[in-house]
Structure formats: C-alpha cells, structure tokens
Amino acid sequence: MVVYENNAYHTPEKMPEPQKPKPPEPTASGGGANSNPGSVSSTSKPGNANSTGMSSGGLKPGGGQTHGFGLGETGNLPELPKPYIPPINVFFVYNKIDSGFKEQADYMAEKKYRDQINEFIYFTKIHEFVNEWNSLVDTRINDILLFLHGGAGKLYFDKEEMQYDDFSQLKELSIDGRAYLLACNGGTEYEGTTIAWKFSELLHGKRVRAVVDGKVYYRDWYQLFKRWPLTKEEGAYWADFYYVRGLTSRRKLQLEGGFYGKMPWPE
C-alpha cells in the first residue's frame, strides 16, 4: 500500500519519522505565541487582567493588577467612614462665689443628663463667656444650659452687663437639642426683643426655654432637697422662644406663678 504525504510516496513498512514542527518566529517583544509566563507581550494593554505577564501599565511582575484589594479605580485608598462622635451637653455656669449656680448645674446634670457626656464651663467675666462660647464652633452639641444672672434685655457678670449689642461677639453654634436660659427675666421683652430670642438666633432657630416677667429660683420650701428651676412672681411663666429667618415666636408653657411655676422638666 502506498501512502502519499507531501508529494512523496513511501511503503508502509518504511514510514519516515514524523517531522517536528518548526519553532515559532520570535515576536518583536522577545517571545512567541507560546511564550512562557512572565514574558512580555506586545499585545498586552495596561491593566489587562487576562495577561499572564507584566505589562508597562497595569500589571506587576509575575502577574496581578497593580492596585491592591480595597483600592478604587484610581488606585487611591477609599475614604474611610467618619467615626461616630456622641454629642455633648454644655453647662455654662456663672461661678462667682456664693452665686449658687454650680450647685444647681450639678443637680441638673445628675437628674436630667446622667450617663451622658457633660461639659461644664465656668466664668465670671463677659470676655471669658464669649471666648468659651466661640470655642464650641464645629463641636457636636445636644443641649446648652445657661446658668446666669439676668434682667430684661441684659445679662449680669462680675461688675459687667451684657446687652443686645454685645451678642455680635458671639458666633453661631449648631445644636441637636435645645437651650435652657436659666436667668431671671431671660424671656422678658425689652425694646421689642428678648435675650432668649438673641440666643435662638445664634442657634439657627432652635428653641430656647426661659422665664417671662419673673425671676428664677432654685431653693424653695416646696422642694427642700431638689433644685428644679422655679419662678414665683405673680403672672410669671415659662416659654419656649424661636427665632427663624428674622421671625420670632413664643410658646407659653406655664400660665401662673407660685409652686406651679416650676419649669417643665422633663417634658
């Protein structure tokens, strides 16, 4: 039998050895179609995940993409989530000797804000109060409590008075909760406005609770061992004050004085 192969003939008993394929011609990159892993291929594109070698843009020697686990498309670390920072309650306490405000602030913190983060700020002068207030910009705050001496349209410090015009020294703060102005006549109108509205304006319209037409007391026969804020003058009451976009509003909370003039707390 004759077998034809490559235009030649051979007898079956004298078949030639099969021809070995010629090695492929080397490519411009130095390897062939069957080049070993790790060779450089001219057809590799930067960042080509199917390449087994090292390209000039997207792969590392030995294979793999240049950016590691968790990196974004740009190869930069992703922005980490911001840690949770709990809000604080800030107690501004006029702390001149015999003022009694520190005792009251400690009582309120224990009864109302137990197991919360409370910061106590003590001062006697206006500039001290202003500096401490302004230092809280960008601080996350829940409630603000102000233990001060006050009158209609003013606050009293050590031989100083803070009036409406002085509020321009104070910066705006952001709070999650509300403010309590525990000063005599903090909500009493004078020249068309109140100290409570001034504070609400600084707090982006948050409510400020204050007493109207009355003083604030902490000690009383009706609460010998308590220190809740009271107002006892006839006709005095507590109210919430709001200042939003130049508009003011007030909501009464108590309609009479005496023992029933205790500030609503908690609601």
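Position labels on residues start from 1 in each chain and follow its written sequence. Reporting in this predicted model follows two pLDDT cut-offs: at least 70 for local features of residues, and 80 or more for side-chain atom pairs to be given and counted; totals over whole chains, interfaces and linings ignore these cut-offs and use all residues. Calculation of side-chain values draws on the structure's entire complement of heavy atoms; hydrogens and water are dropped beforehand.

## Remarks on the confidence of the model for the protein chain
This is how it is decided: Here pLDDT means the predictor's own confidence in every residue, given as a number from 0 to 100. The contact definition used throughout considers only heavy atoms, calling two residues in contact when any of these lie within 4.5 Å.
Model confidence for the protein chain is summarised by a mean pLDDT of 79, while 69% of its residues fall at 70 or above. This stretch, residues 1-13, has a pLDDT under 50; its non-local contacts, to residues over four places away or in other chains, come to 12 contacts. Scored below 50 in pLDDT, residues 28-60 shows 39 contacts in the model against residues more than four places distant or in partner chains.

## Here's the deal with the sheet that holds strand β5 (residues 141-147)
Where we set the bar: Whether two strands pair depends on DSSP finding at least two bridges between them. Runs of H or I in DSSP of at least four residues are treated as helices and runs of E of at least two as strands, each being numbered from the N terminus. Convention adopted: a line fitted to C-alpha atoms gives each axis, helices being fitted over their contacting stretch, and angles between N-to-C directions are expressed from 0 to 180 degrees.
Spatial strand order, β4-β3-β5-β9-β10-β11-β12: seven strands in an open sheet with mixed pairing. The sheet is open, and its two borders are formed by β4 (118-123) and β12 (247-252), each paired with just one other strand. Shown here is a sheet whose adjacent strand axes are inclined to one another by a mean of 20 degrees, direction ignored. Pairing of strand β3 (residues 88-94) with β5 involves five bridges; the strand directions are parallel. In the strand pairing of β5, Ile-88 is matched with Ile-141.

## Thoughts on the packing of aromatic side chains
How two aromatic rings sit relative to each other is set out by the distance from centre to centre and by the angle between their planes. Here is the rule we go by: Two aromatic rings, drawn from Phe, Tyr or Trp (for Trp, its six-membered ring), form a pair once their centres lie within 6.5 Å of each other, and the interplanar angle then sorts them: stacked below 30 degrees, edge-to-face above 60, tilted otherwise. Accessibility here uses a 1.4 Å probe with only protein chains present; expressed as a share of the type maximum, an area under 20% marks a residue as buried, one over 50% as exposed, and anything in between as partly exposed.
Under the criterion given, the structure shown has 19 aromatic pairs. When the centroid spacing of 5.7 Å and the interplanar angle of 85 degrees are considered together, the rings of Phe-91 and Tyr-113 count as edge-to-face. With a gap of 22 residues between them, Phe-91 in strand β3 and Tyr-113 in the loop between α1 (101-112) and β4 connect regions that are remote in the sequence. Here Phe-91 falls in the buried class, since its relative accessible area comes to 0%. According to the relative accessible area criterion, Tyr-113 is buried, its value standing at 1%. An angle of 45 degrees between the planes, with centres 5.8 Å apart, marks the rings of Phe-129 and Phe-157 as tilted.

## Details of the pattern of salt bridges
Threshold: Between Lys or Arg on one side and Asp or Glu on the other, a salt bridge is scored when a side-chain nitrogen of the former is within 4 Å of a carboxyl oxygen of the latter.
Within the structure shown, the criterion is met by 11 salt bridges. For Glu-103, the salt bridge goes to Arg-227, with nearest N and O atoms at 2.9 Å. With a gap of 124 residues between them, Glu-103 in helix α1 and Arg-227 in the loop between β10 (208-212) and β11 (237-244) connect regions that are remote in the sequence. When its relative accessible area of 33% is taken as the criterion, Glu-103 is described as partly exposed. The salt bridge involving Arg-207 is made with Asp-240; its shortest N-O contact spans 3.5 Å. Pair noted here: Arg-207 is in the loop between α3 (195-202) and β10 and Asp-240 is in strand β11, with a separation of 33 residues, a long-range link.

## Topic: the environment of Gly-192
Tracing the backbone through its elements, the reader meets Gly-192 in the loop between β9 (179-182) and α3. Take Gly-192: its relative accessible area is 58%, and that puts it in the exposed class. C-alpha of Gly-192 to C-alpha of Gly-153: the two residues are 39 residues apart in sequence and 9.5 Å apart in space.

## Points about a nonpolar patch on the surface
Applicable threshold: Excluding any residue in a salt bridge, patches collect residues exceeding 30% relative accessible area, merging like charges within 9 Å and nonpolar Val, Leu, Ile, Met, Phe, Trp and Tyr side chains within 5 Å. All accessible-area figures derive from a Shrake-Rupley calculation using a 1.4 Å probe, and residue coverage is judged against the displayed protein chains alone.
Judged by side-chain polarity, Trp-221, Leu-224 and Phe-225 come together as a nonpolar surface patch covering roughly 500 Å² of accessible area. Structurally, Leu-224 can be placed in the loop between β10 and β11. You can call Leu-224 partly exposed: its relative accessible area is 45%.

## As for the nonpolar core
The nonpolar side chains of soluble globular proteins are, as a tendency, buried together. We apply this condition: Put simply, a nonpolar core is a bunch of buried Ala, Val, Leu, Ile, Met, Phe, Trp, Tyr and Cys residues held in one set by side-chain atoms that sit within 4.5 Å of each other.
Core analysis: the largest hydrophobic core is formed by 56 residues, its most contacted members being Phe-92, Phe-129, Trp-133, Ile-144, Phe-147, Leu-181 and Phe-199. The element that contributes the greatest number of residues to this core is β3, accounting for six residues. Once you skip the residues sitting within four places of it in the chain, Phe-129 turns out to touch Phe-92, Phe-123, Leu-146, Phe-157, Met-162, Leu-170 and Phe-199.

## A word on the sheet that holds strand β6 (residues 149-151)
If you walk across this open sheet you meet the three strands as β6-β7-β8, and the pairing is antiparallel. Among the strands making up the open sheet, the edge pair consists of β6 and β8 (160-163). Between one strand axis and the next, the sheet turns through 30 degrees on average, direction left out of account. Inspection of the sheet shows β6 paired to strand β7 (residues 154-157) by three bridges, in the antiparallel sense. Across the sheet, Gly-151 pairs through a bridge with Lys-154, a residue of β7.

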